[in-house]
Amino acid sequence: MPARQAMMAYEDRVEPRDETLHRARLSSADGNAWLVTIVNLSPNGFMARCDDAIAVGTAVTVTFPVVGAFVAEVRWALGGRIGCKLSREVPPALYQFVLQAMR
């Protein structure tokens, strides 16, 4: 994805994100794994810093505190950052507990 399209996808997100600083491991079905730092979160997605390139469109599994494993799709990648959309929403009743545990 060209840089301009990646930034448009980044800026077109629908909901605000809450700042975090949480180390996590992303894994894909083909056995790849990446260590990332999740820097912001919303009930439907997150942005993370990552030293390795992860292709746009890659499906990854991430484990959040309190609620466990979620599948997400990498929607954009730019300059050591990735934006991911979760396949299901973090339950609203638990979101603040997840966020608190990730700060």
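Coordinates for the structure precede this section.
Residues numbered from 1 in each chain as written. Predicted model: local features only at pLDDT ≥ 70, side-chain atom pairs only at ≥ 80, totals over all residues. Heavy atoms only, no water.

A. Representation of the nonpolar core. Leu 26, Val 36, Ile 38, Leu 41, Phe 46, Val 62 and Phe 64 are the most contacted members of the largest nonpolar core, which totals 25 residues. Contributions of two or more residues to this core are made by strand S1 (18-27), strand S2 (33-42), strand S3 (45-50), strand S4 (59-64), strand S5 (68-78), strand S6 (81-86) and helix H2 (92-102). (Core = buried A, V, L, I, M, F, W, Y, C linked by side-chain atoms within 4.5 Å. Buried < 20%, exposed > 50% of the residue type's maximum accessible area, 1.4 Å probe, protein only. Helix = DSSP H or I, 4+ residues; strand = E, 2+ residues; numbered from the N terminus.)

B. Expanded view of unusual backbone geometry. Despite not being glycine, Val 66 has its phi angle at roughly 75°, a positive value. Summarising the element assignment, Val 66 is placed in the loop between S4 and S5.

C. Highlighting the packing of aromatic side chains. Summed over all chains, the structure comprises 2 aromatic pairs. Taking the centre distance of 6.0 Å and the plane angle of 90° together, the rings of Phe 46 and Phe 64 count as edge-to-face. Separated by 18 residues along the polypeptide, Phe 46 in strand S3 and Phe 64 in strand S4 bring together distant segments of the chain. Taken individually, Phe 46 and Phe 64 each receive the classification buried, so the pair is uniform in this respect. Summarising the aromatic geometry, the rings of Phe 64 and Phe 70 are spaced 5.6 Å apart at their centres and angled 50° between planes, so their arrangement reads as tilted. Note on accessibility: Phe 64 and Phe 70 belong to one class, buried. Over the ring of Phe 70 we find Arg 88, and its NZ or CZ is 3.8 Å from the ring centre. (Phe/Tyr/Trp six-rings, centres within 6.5 Å; stacked < 30°, edge-to-face > 60°. Lys NZ or Arg CZ within 6 Å of the ring centre and 35° of its normal.)

D. Looking closely at the side chain of His 22. Among the structural elements, His 22 can be located in strand S1. Not counting chain neighbours up to four residues away, the residues in contact with His 22 comprise Val 36, Thr 37, Ile 38, Thr 63, Pro 65, Ala 101 and Met 102. (Contact = heavy atoms within 4.5 Å.)

None of this, on its own, says anything about what the molecule does.
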